[in-house]
Amino acid sequence: MIFDSHAHYDDKQFERDRLELLLSMEEHHIGRIVNVGASLESSRAALALAGQYDFIYAAIGVHPSDISCLEETEQKPYEDGSGFQGTGLEWLKGCSKDPKVAAVGEIGLDYYWEKEPANQELQKKWFVRQLQLARECSLPVIIHSRDAAADTMELMKEHGAGIPGVIHCYSYAKEMALEYVNMGYYIGVGGVVTFKNARKLIETVEAIPLERIVIETDCPYLAPEPYRGKRNSSLYLPYVVERIAELKGVTVRQVEEATWENACKLYRL
């Protein structure tokens, strides 16, 4: 069975066939999925999906591009329809007690869209506060980092030490990946590894131990070849598994078994 360690099935791209698609996972050997929040609302949706399907777990957290929702709740209380009123972080902390919550994420830094130094500092603030939340709740973290390699590493060393986690959709050099591995983190590998121009990720997969790789879709994004550019889903993960097996010189079954065990360890399942 295959463990999809990072998906977004609450996305509107799945509205027309979400039920049919999720019910087909078992027959396609997809055994577990972690559906990952990117905002307060998508974290709520991830929790709802996890409550509906035994094989789906939720990650709750706010993506660096969506931190305005956390800022807003510092002034105006967040209401989730159940009677809760409080800050976004308080709401996340309360949700962390749900047994289907597997991690805090995705959190981190994204400077690809955000070039203003003041707004980058705001991303750092909420990244650190969500790392602290994960520590308080004894949960692993799912780290998003884009065009922010140095700052992410610095904050992980300063504020993330001892918190287990995964560097999601890894895109930096193999040397930094090895440093993260030495710090105890897993590296998330998805459809990009099948792309012909994915030199950095290919070198990373070749360099790091199989015991530190988890596979992911980030669906509906980043579909592997031969579906690049189309809507992604967990059903395409065999292409990722095959490519990793080829790069590591092992069998497909070895990759499936190792990455399943890795994800179970990461999420303590």
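Residues numbered from 1 in each chain as written. Predicted model: local features only at pLDDT ≥ 70, side-chain atom pairs only at ≥ 80, totals over all residues. Heavy atoms only, no water.

Caption draft 1: Looking closely at the pairing of strand β2 (residues 30-36). Along β2, six of the seven residues are buried, which leaves the element largely enclosed by surrounding structure. Looking at chain direction, strand β1 (residues 2-7) and β2 are connected through four bridges and run parallel. Of the residues in β2, the one forming a bridge with F3 is R32. Once you follow β1 into helix α1 (residues 18-23) and on to β2, the crossover reads as right-handed. Across four bridges, β2 lies against strand β3 (residues 56-60) in parallel orientation. Residue pairing for β3: N35 is matched across the bridge by A58. (Buried < 20%, exposed > 50% of the residue type's maximum accessible area, 1.4 Å probe, protein only. Helix = DSSP H or I, 4+ residues; strand = E, 2+ residues; numbered from the N terminus. Pairing = 2+ DSSP bridges. Right-handed = clockwise from strand over helix to strand, strands pointing away.)

Caption draft 2: Seen up close, the packing of aromatic side chains. If you walk through the whole model with that rule in mind, you get 10 aromatic pairs. Taken together, a centroid distance of 5.7 Å and an interplanar angle of 70 degrees make the contact between Y227 and Y239 edge-to-face. Taken as a pair, Y227 in the loop between β10 (213-215) and α9 (237-248) and Y239 in helix α9 lie far apart in primary sequence, 12 residues in all. Owing to a relative accessible area of 25%, Y227 belongs among the partly exposed residues under this scheme. A network of ring pairs unites the aromatic residues F3, W260 and Y267 as a single cluster. The ring of Y57 is capped by K100, whose NZ or CZ atom sits 4.9 Å from the centre of that ring. In this structure, R228 packs its charged tip against the face of F195, placed 3.7 Å from the ring centre. (Phe/Tyr/Trp six-rings, centres within 6.5 Å; stacked < 30°, edge-to-face > 60°. Lys NZ or Arg CZ within 6 Å of the ring centre and 35° of its normal.)

Caption draft 3: Quick peek at the pairing of strand β9 (residues 186-189). Burial of the side chains of β9 extends over both faces: Y186 and G188 are buried on one face and I187 and V189 on the other. In this structure, strand β8 (residues 165-167) lies alongside β9, joined through two bridges in parallel fashion. The partner of I167 across the bridge, within β9, is I187. Note that the unit made of β8, helix α7 (residues 174-182) and β9 has a crossover that is right-handed. Bridge count for β9 against β10 is three bridges, and the pairing is parallel. Bridging across to β10, I187 finds its partner in I213. Of the crossover connections in this fold, the one passing from β9 over helix α8 (residues 199-207) to the parallel β10 is right-handed.

Caption draft 4: Examining helix α5 (residues 117-137) more closely. Taking 1.5 Å per residue as the helical rise, α5 with its 21 residues ought to reach 30 Å, and the 30 Å between its terminal C-alpha atoms agrees with that figure. Listed in full, the buried residues belonging to α5 are Q120, Q123, K124, W126, F127, V128, Q130, L131, L133, A134 and C137. The elements touched by buried residues of α5 are α3 (68-73), α4 (88-95), β6 (101-110), β7 (141-146) and α6 (149-159). At the C-terminal side of α5, S138 shows a positive phi close to 55 degrees. (Expected span 1.5 Å × (residues − 1). Contact = heavy atoms within 4.5 Å.)

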